[in-house]
Amino acid sequence: MESANGTMEPANGQTNGQTILIVDDEPNLRRVLSAVLLRDGYNVIVADSGRDAIKKAKQQTSLDLLVTDFLMPDMNGLEVLESVRKQHPGLRALLISGHGTIRSAVEAMRLGAFDYLTKPFEMEQVRATVERALRARPTLTAPSPTVPGAAAVKIPVPSAATFGLVGEAPATLEMRDQLLRAAASRATVLLLGESGTGKEVAARLIHEASPRSRGAFVAVSCAALPESLLESELFGHEKSAFTGALAAKPGRFELADGGTLFLDEIGDIPHVTQVKLLRALQEREVSRIGGTKSTKVDVRVVAATNRDLWQAVQEGTFRLDLYYRLHVVPVKLPPLRNRKEDVRPLAFHFLARSSQENGRTFPGGITEEALHLMEQHDWPGNIRELQNVMEYAVVMSAPGTDRIESSALPTLIPSQRAAAERTRLTVVSGTR
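So, here's what we can say about the structure. Not measured: the values here are computed from a predicted model.

**Here's the deal with the sheet that holds strand β8 (residues 189–192)**
Read across the open sheet, the 5 strands follow the order β9-β12-β15-β8-β16; overall the sheet is parallel. Either end of the sheet is taken by a strand with one partner, and the two such strands are β9 (217–221) and β16 (329–332). Looking at each pair of strands side by side, their axes are set apart by 20° on average, direction ignored. Bridging between β8 and strand β15 (residues 300–305) involves 4 bridges; their strand directions are parallel. Note on β15: the bridge partner recorded for Leu192 is Thr305. Strands β8, β9, β12 (260–264) and β15 of the sheet are contacted by helix α7 (residues 199–208), whose axis makes an angle of about 155° with β8.

**Description of the packing of aromatic side chains**
Geometry of an aromatic ring pair is reported as the spacing of the ring centres plus the angle between the planes. For the coordinates displayed, the defined rule picks out 4 aromatic pairs. Measuring from centroid to centroid gives 5.4 Å for Trp310 and Tyr323, while their planes differ by 55°, and the two rings are tilted. Residue Trp310 is found in helix α11 (residues 309–315), and its partner Tyr323 is found in helix α12 (residues 320–326); the two are separated by 13 residues along the sequence. In this structure Trp310 comes out as partly exposed when scored by relative accessible area, which is 37%.

**With respect to the side chain of Ser354**
Relative to the elements of secondary structure, Ser354 occurs in helix α13 (residues 343–358). Assessed through its relative accessible area of 4%, Ser354 is described here as buried. Discounting chain neighbours no more than four positions away, the residues touching Ser354 are Met390, Glu391 and Val394.

**What to know about α7**
Structurally, the α-helix is built with 3.6 residues per turn, so residues lying three or four positions apart point the same way. Of all 10 residues that make up α7, 7 are buried, and the element is covered over most of its length. Along α7, the positions that sit buried rather than exposed are Lys199, Ala202, Ala203, Leu205, Ile206, His207 and Glu208.

**Regarding the nonpolar core**
Core analysis: the largest hydrophobic core is formed by 30 residues, its most contacted members being Phe253, Leu261, Leu263, Ile266, Leu277, Phe318 and Leu322. When residues of this core are traced back to their parent elements, those giving at least two are β8, β9, α8 (227–235), β12, α10 (271–283), β15, α11 and α12. Among the elements that make up this core, the one with the highest residue count is α10 (4 residues). In this structure, Leu277 is in contact with Phe235, Phe253, Leu263, Ile266, Ile269 and Leu322, ignoring residues within four places of it in sequence. Counting 24 residues, the second largest nonpolar core, distinct from the first, contains Leu346, Ala347, Met374 and Leu409.

**Looking at the pattern of salt bridges**
If you walk through the whole model with that rule in mind, you get 21 salt bridges. Two residues, Arg252 and Glu233, come together in a salt bridge whose shortest N-O distance is 2.8 Å. Of this pair, Arg252 sits in helix α9 (residues 252–255) while Glu233 is found in helix α8, placing the two residues 19 residues apart along the sequence. Residue class for Arg252 comes out partly exposed when judged on its relative accessible area of 23%. Between Glu375 and Arg344 there is a salt bridge whose closest N-O contact spans 2.7 Å.

**Overview of the pairing of β12**
Counting buried positions along β12 gives 5 out of 5 residues, so the element sits mostly inside the fold. Taking every second residue as pointing to the same face, both faces of β12 are buried, with Thr260, Phe262 and Asp264 on one and Leu261 and Leu263 on the other. When β9 meets β12, the two strands line up parallel, connected through 5 bridges. Bridging from a neighbouring strand, Val218 pairs with Leu261 of β12.

**Observations concerning unusual backbone geometry**
Notably, Arg284 is not glycine yet its phi reads approximately 55°, a positive angle. Within the fold, Arg284 resides in the loop between α10 and β13 (285–287). In this structure, Asn382 takes a positive phi of about 60° despite not being glycine. Along the polypeptide, Asn382 turns up in helix α15 (residues 382–396).

**Details of α10**
The end-to-end C-alpha distance of α10 is 19 Å, a good match for the 18 Å that 13 residues give at a rise of 1.5 Å each. Of the positions making up α10, those classed as buried are Thr273, Gln274, Leu277, Leu278, Ala280 and Leu281. Within α10, the buried residues cover an arc of 165° as seen down the axis, which keeps them to one side. Contacts from the buried residues of α10 go to α8, α9, β12, β13, β15 and α12. Remark: Arg284 follows α10 within two positions and exhibits a positive phi of approximately 55°.

**A look at the packing of helix α6 (residues 170–183) against α7**
One way to put it is that α6 packs onto α7 with a least axis distance of 8 Å and a crossing angle of 40°. Classified by the angle between their axes, α6 and α7 sit oblique to one another. As α6 runs across α7, the sense of the crossing is right-handed. Counted together, Leu179, Leu180 and Ala183 of α6 and Ala202, Leu205 and Ile206 of α7 form the full contact between these two elements. The residue inventory of the contact of α6 with α7, partitioned by class, reads 6 nonpolar, no polar and no charged.

**Quick notes on the packing of α8 against α10**
The contact between α8 and α10 brings their axes to 10 Å, and the two run at 10°. For the element pair α8 / α10, the angle class is roughly parallel. Note on element contacts: α10 touches α8 through Val272, Thr273, Lys276, Leu277 and Ala280, opposite Glu227, Leu230, Glu231, Leu234 and Phe235. The residue makeup of the contact of α8 with α10, split by class, is 6 nonpolar, 1 polar and 3 charged.

Parameters at a glance
Residues numbered from 1 in each chain as written. Predicted model: local features only at pLDDT ≥ 70, side-chain atom pairs only at ≥ 80, totals over all residues. Heavy atoms only, no water. Pairing = 2+ DSSP bridges. Helix = DSSP H or I, 4+ residues; strand = E, 2+ residues; numbered from the N terminus. Axes fitted to C-alpha atoms, helices over the stretch in contact; angles between N-to-C directions. Contact = heavy atoms within 4.5 Å. Phe/Tyr/Trp six-rings, centres within 6.5 Å; stacked < 30°, edge-to-face > 60°. Buried < 20%, exposed > 50% of the residue type's maximum accessible area, 1.4 Å probe, protein only. Core = buried A, V, L, I, M, F, W, Y, C linked by side-chain atoms within 4.5 Å. Salt bridge = Lys/Arg side-chain N within 4 Å of Asp/Glu carboxyl O. Expected span 1.5 Å × (residues − 1). Arc of directions from axis to C-beta. Parallel < 35°, antiparallel > 145°, perpendicular 65-115°, else oblique. Left-handed = near helix turned anticlockwise from the far one by under 90°. Nonpolar A, V, L, I, M, F, W, Y, C, P; charged D, E, K, R; others polar.

What follows is the structure, encoded as structure tokens:
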């Protein structure tokens, strides 16, 4: 039912009072999105272009959420958001695109978008994201980290599915706040957390939300390389510096010049390499193996570890001076068992991603029983384990299934394992 001002209201007249503006040049997507959101009790306004959206936004006394396509013929979603915000300051926004990039997502977050989703997506994921956007705080106020004594500025607090930092648990919000504050500075950041908590994802957020976002993001897994190769990878080598060095090669520090160097599993680097790393951090210059000159580098270092570095210092396996060089801005990434509120949005996020990668669709989303089972699990493998569980469920669900059932979850989840054991005993006992 459409009102005089162009707002569509739920057919049964039962509205929650919140108004959503949908902007997309694809008629089918507009129709599906509006039908779903009307069914959920929202008032809906639809626009087929950016200019149409701006015109209709001016006719509204209040708007609660903007859902807009990123690429449209007349203007992009960021331009729509920026313009509509002039009439409706503080408006929350959800950007949707089939051409998603991390850089576009970061720009969206800087303008205050709540989230950014890539087509194709599950409608359940959209519904959940809309609900979270409408109940979450849009911004926080903080002193500028780059200009001492500056007036307070507003920093976006994204729920960015694009970054994999999905969720609204208190621990998640605090983590995102710290990452965005750290991103605005030049300081070295040390990410602390168990395996699978998303440390590289967090490092990429820091890079993309920083003034260095136009530079390179270079990642090195310090534990994946033997000592003989790690030093060469970090600092480079000259031709004939050692057997097999057939040509000169720049190291990761040089490749990251002007950008960010992510040193994963920093606690596993050997003592000799620690000495050279300390010098690189102190002097901001590196020397290639076999070389005779030093090269100045402008690199922001983000390091990560799942080890207790202070204990390693006490045990003599990690240098104290290097510890203090790295431990400038420590950020702890909470394990998933301490942010159980995020299991549902993460599950829908990984369902959408895995469905797209495997050519499947699950319009019914995930059953309540399956979600409940996942919420009971402690997730020792953290977010990576949940991602694997959802991929397993997508792949193993029977053809034609329109939703993820609890039976599709792997038996690694205790509740599923217990159910499988009960079934086995029933069959063995002959009662089935």
